[in-house]
Amino acid sequence: MIRPSLTLALLIALARVPVAQADPSALEPQFASVPVPRDVVGSLAQDRQGLIWIGTSDGLARFDGYRLRPIEREGGTPVQRNLGWVRSLAAAADGGMWIGTEVNGLARYEPAFDRVRMLGGGGERHTPIRALAEDGAGRVWVGTLGQGLLRYEAKAGRFDTEPLLVDGEPEGRVLALAVARDGSLWAGHWRGLARRDTQGRWAPLALPEGAVGISTLLEDGNGRLWFGSMDGRIGRIGEDGQPRWLAARFKGSVQALAQGADGTVWAGLTDGIAWLDGGSGALLRQLRHNPHLPGGLAGNDVNVLLRDQAGAMWVGGYGVGLQRHRQHPALAVRGPDADPDSPLASSDLRGLLPRRDGLLMVATHSGPVALLDAQLRTVGRWPREADTPVDNLAEGPDGSVWLAANGRLERREPRSARLLASWPLEGGRAHRVLALPDGQVWVGMQDGLYRLPSPQAARVERVRRADGEPLRGGVHALHVEPGSGQLWVGALAGLFRWDGQRLVEVVGAPGEALGFPAVLGLLHTRDGRLYVDTAVSGLHRLKGYDAQGRARFERISERLGAPGRPFGVNLHEDAHGRIWSQQSVYDPAADRLDELSGAEGPPMGTPRFFADTALPDGRLLFCGSRGLLVVEPLAFMPSRYAPPVVVSSLRRNGQPFQPEQEFARGLKLPAGTRSFAVEFAALDYTDPARLRYMLRLDGWDQEWTFTDASARFATYGGLAPGHYRLEVYATNHHGMWSDRPLWLDIELLPAWWQTRWAQAGGVLAGLTLLWALLRWGVARRTAQLRRREAALQALVDQRTAELREASTTDPLTGLRNRRYLDSRVASDLQLSLRHYTEPRRGAADRHPDDEADLLVMLMDIDHFKRINDRHGHAAGDQVLVEFAQRLRAVFRESDVLVRWGGEEFLALARGGARSGAAELAARFGATVRERPFTLADGRTLPVTVSIGFAVFPLDPQAPRAWDWDATLSLADAALYAAKEQGRDGYVGVVGADGVRPKGLCLDDAAWLTEPRLRVRRSG
């Protein structure tokens, strides 16, 4: 609500500015899309574990937050295995899934055997199944188009026809089913609605205004039944048991109903989505596809809705694909206006100013400055004579607007935008403009700090340091300390205070200085504490000063495990004392730091530093390249959701494996198991990429292994027969460890020769042989024993070598795995260092580049996820295998080739020269690019690869300056740069002249311009 004083000011303002069309819905709902074949979804369900099941026109798939796994029946060909068009799904109470197909009848997924069993349809010819429901007795009700309503008795394996009469005639077209809490069954059919009580008696319900097809049903949290019709109406069963239509009516049909966690009822329409009040049934809003809104509803034909166990809503349909509603109580994005003539038609924003008259000025990257009201609706355009882009805005003590634009500092009248005065500015783009109560105006530029002593001053002065030299480099933060009026300045050169004449640097105490000198953000909180944000080491808090007056800082981001990046630059405090930016929030009371991602809240695009503000009502606003992030700080609470960890897939000896019993009873691996791999996933769909895992195999591993979402495999080989337990724990997307781990008991069965009976028999046979050998004489006996000993030793050596090989080999590609690299890399590094640190005989200097370097090359298959989505995961596996073959063809046998994780590979080329690194990368890229990959069915796929590499030692003059971890991080940053430059190429570093890892920030592309790095690029 706008306060009365603000309302009056707003009316005055609106009288003086040209009014644009107000957007009735400034904050648009946001959705995250999951790629599905052809963007067509016909059914959705969630099983007892929490996995999402998706019926598509290409068959059935299961989603664990990371990938779609096809669910198929048994068959000899892909066509025979495919379930076809799946239009209905229902979760079974025992953890299985009931599957209604278009032409193949009813099927059931059996989790104990990880397989689909076809059940038929009660007749010779299967009719399309449109609805499924399982009741408390374990019976499955099947709604068909043609056979009417069927009842499947699971225990007997029998279909029975359930007579559903309308006006004395059987109704054969059942569209929707719902089992109510009281055990009754509701059926929506072509001519209306019927109810079956717990005694088996059917009662048709007469709909107001005559018969109409009922296409969807919902029992809400209060036990009331909702129904949607094929002619676009929604109704409810009243307290008197009679159906009544609600006031809203829509174009097309109502195809799905679901109730959100807040009680709102969602309706999936052929014309978008409608939200209705769960109590009154009143229409709250209708949402349609907006092609101008990034992250919005992907299409209008919504035919399935699903509320998952975490309370999030999933949306599916034709042209919609699969989307998850991203709703966060504290986060929203105000996107661009749909009107192309609006001043806010652009979503890329770069400046904010809340004026004292209640209007919010929003500067766009394209130039216009929009005026928004308290509800963030566009009410006008600030009428400047030219729409040049504005760098930054500030309000003077008299209400005038100060801005930096086009290389000038301007003072303008707030309502008419009339230019009152202007001054030329040097130093590039303005980062911050600060207008003080005494009339001074300070401007932080890309290079230096500038001050206008008063509005009457003739020129802008450059501010100097205490040594008389001007402040160089970017100035990012200007902050006045409450109470004292002390001006603090955050700059690339460090932290400073203004003493009235000069800038005085704030010197840090030894061991307690800022972790990185570049200061990006400053904030004084209500309790008088100073918070400082830096470019690399993140958030700090000033603790005080030592005896020499040097500042002592606490490094908060580093201590809480979030170094290597800024906290967010744009710092604000909420009413609870928490520190906010557009990407992080720190709670001093709980000493907890949470990172905000676009996956849990609406995406704002690339955040704009130095473009933020706090509104009088406590809301925080941050500019981004895709809109305005709106934060309601008091509504924010870290997620307490505890995701379960489940098994996604199994492999034995490198091949897919189907267990013989459900996982709750453990996993039995037959004799002859050389290796096995368990793929796991924590079912937190908000932002799966941010989840972390820890795992161990009890009975084998001595310590826990920690990993991220990119390495969700537990692979083991060379295990002795016996009992083990795989334990996997995971965090949710806010980093809280879940109390729902995966505990999988594993029994590795012995071969016959490993059993106790076989071993006892072997002992007996040995004694018998000994007795026989004694009879044949000492000489012959001794010879035979020696031959047998040699044979047995050879067999032991052979099996030991096979087991050792399996434990260090990737089961799919046959390449080495990380365990092998970890065991070998130290000796390779030491050998290379020896060449550079030990002088040659007869020479005092170190070795030059004489093929003693190690080349670390990271490779990532471009758009590999697209291959899986379009062609299936079996095709993806074939691409990985052939990619490994091409690696072997290009690299030498002495080089180490490793499957690093997923579609990422690592090559460690030994004994080479750094001068040939770029040529080797280009040669392998051409090997992948120039010959398409061939699938098992004969189809070919073009594949490209992005490559990042670095050499070791990176600086021959200081060989130990870049250790293995730093070199690997540099190669990873180079790989990221190769993808950023367009993929299908390489970026690498072959030398560093005096650069050290701590002096180089790899979080953005700026490191590529470091002149002391010798960077090689493709193209």
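Calculation criteria
Residues numbered from 1 in each chain as written. Predicted model: local features only at pLDDT ≥ 70, side-chain atom pairs only at ≥ 80, totals over all residues. Heavy atoms only, no water. Salt bridge = Lys/Arg side-chain N within 4 Å of Asp/Glu carboxyl O. Helix = DSSP H or I, 4+ residues; strand = E, 2+ residues; numbered from the N terminus. Buried < 20%, exposed > 50% of the residue type's maximum accessible area, 1.4 Å probe, protein only. Expected span 1.5 Å × (residues − 1). Contact = heavy atoms within 4.5 Å. Phe/Tyr/Trp six-rings, centres within 6.5 Å; stacked < 30°, edge-to-face > 60°. Lys NZ or Arg CZ within 6 Å of the ring centre and 35° of its normal. Polar contact = N/O pair within 3.5 Å; in protein donor to acceptor, adjacent residues only side chain to side chain. pLDDT = per-residue confidence, 0-100. Pairing = 2+ DSSP bridges. Axes fitted to C-alpha atoms, helices over the stretch in contact; angles between N-to-C directions. Core = buried A, V, L, I, M, F, W, Y, C linked by side-chain atoms within 4.5 Å.

Student: Whenever I open this one, the pattern of salt bridges confuses me. Can you help?
Tutor: Oppositely charged side chains can pair when the atoms bearing their charge come close. This model, assessed by the stated rule, comprises 72 salt bridges. In this structure, E679 engages R67 in a salt bridge whose closest nitrogen and oxygen atoms are separated by 2.8 Å. Highlighted residues: E679 in strand β62 (residues 675–682) and R67 in the loop between β4 (59–63) and β5 (68–71), separated in sequence by 612 residues. By relative accessible area, E679 is classed as buried at 2%. Between D231 and R249 there is a salt bridge, and its shortest N-O distance comes to 3.2 Å. Highlighted residues: D231 in the loop between β21 (225–229) and β22 (233–237) and R249 in strand β23 (residues 243–249), separated in sequence by 18 residues. Taking relative accessible area as the criterion, D231 reaches 24% and is therefore assigned partly exposed. Residues participating in the shared-partner salt-bridge network are R151, E153, R158, D160, E162 and R196.

Student: Can you walk me through helix α8 (residues 873–890) in this structure?
Tutor: Counting along an α-helix, one turn takes 3.6 residues, and residues three or four places apart therefore face a common direction. A rise of 1.5 Å per residue sets the reference length of α8, with its 18 residues, at 26 Å; its end C-alpha atoms lie 26 Å apart and thus fit the reference within 8%. Residues of α8 that are buried include every one of H873, A875, G876, V879, L880, E882, F883, A884, R886, L887 and V890, and no others.

Student: Hey, could you run me through the environment of R819 in this one?
Tutor: Within the secondary structure, R819 sits in helix α6 (residues 818–837). Using a relative accessible area of 37% as the deciding quantity, one classes R819 as partly exposed. The spacing of R819 and V898 is 79 residues in sequence and 9.6 Å in space, taken between C-alpha atoms. Apart from the residues within four sequence positions on either side, R819 is in contact with W700, T715, Y716 and S807.

Student: What should I look at first to understand helix α9 (residues 917–929) in this one?
Tutor: Between its first and last C-alpha, α9 extends 18 Å over 13 residues, near the 18 Å set by a 1.5 Å rise per residue. Within α9, burial applies to A917, A918, L920, A921, F924, G925, A926 and V928. Summarising the contacts, the buried residues of α9 are in contact with β68 (853–861), α8, β71 (933–934), β73 (945–952), β74 (986–992) and β75 (1013–1017).

Student: Teacher, can you tell me more about the packing of aromatic side chains here?
Tutor: How two aromatic rings sit relative to each other is set out by the distance from centre to centre and by the angle between their planes. Considering all chains together, one arrives at 21 aromatic pairs under this definition. Judged by centre distance (5.3 Å) and plane angle (65 degrees), the ring pair of F227 and W245 falls under edge-to-face. With F227 in strand β21 and W245 in strand β23, this residue pair connects regions lying 18 residues apart in the sequence. Classification of W245 as buried rests on a relative accessible area of 15%. An angle of 75 degrees between the planes, with centres 5.7 Å apart, marks the rings of W704 and Y729 as edge-to-face. Here W704 is found in the loop between β63 (692–698) and β64 (705–708), whereas its partner Y729 is found in strand β66 (residues 722–730), with 25 residues between them in sequence. Given the relative accessible area of 29%, W704 is considered partly exposed. Within the aromatic cluster, the residues linked to one another by ring pairs are F883, F891, F905 and F924. It is R115 that lies over the ring of F113; its NZ or CZ is 4.5 Å from the centre.

Student: I'm lost on the environment of S946 in this one. Help?
Tutor: Within the element layout of this structure, S946 appears in strand β73. When the C-alpha atoms of S946 and E153 are compared, they prove to be 55 Å apart, with 793 residues separating the residues in sequence. Reaching out from S946, the side chain makes a polar contact with the side chain of D862 at a distance of 2.6 Å. Here the side chain of S946 touches D984 through a polar contact of 3.5 Å, landing on its backbone nitrogen.

Student: Explain the confidence of the model for the protein to me, please; I cannot follow it from the model alone.
Tutor: Interpreting fine coordinate detail is not advised for predicted regions of low pLDDT. Per-residue confidence for the protein averages 88 on the pLDDT scale, and 92% of its residues sit at or above 70. Element-level mean pLDDT values for the protein span from 32 in helix α1 (residues 4–16) up to 97 in strand β25 (residues 265–269). Low pLDDT, under 50, characterises residues 841–849; the predicted model gives this stretch 20 contacts beyond four residues in sequence or across chains.

Student: What's the story with the sheet that holds strand β38 (residues 408–412) in this structure? I'm lost.
Tutor: The strands making up a sheet associate through hydrogen bonds between their backbones, and the pairing can be parallel or antiparallel. The antiparallel open sheet is built from four strands, whose spatial order is β36-β37-β38-β39. Looking at strand neighbours, the two that pair on one side only are β36 (390–395) and β39 (419–424), the edges of this open sheet. Between one strand axis and the next, the sheet turns through 20 degrees on average, direction left out of account. Direction of pairing for β36 relative to strand β37 (residues 401–405): antiparallel, over a ladder of five bridges.

Student: What exactly am I supposed to notice about the nonpolar core here?
Tutor: Soluble globular proteins: nonpolar side chains tend toward being buried together. Counting residues in each nonpolar core, the largest one holds 72 residues, and the members touching the most others are M857, M859, F883, F924, F949 and W1007. Of the residues forming this core, the biggest block, 10 residues, is contributed by helix α10 (residues 964–980). Of all hydrophobic cores here, the second largest spans 29 residues; its members include V41, L68, L89 and V116.

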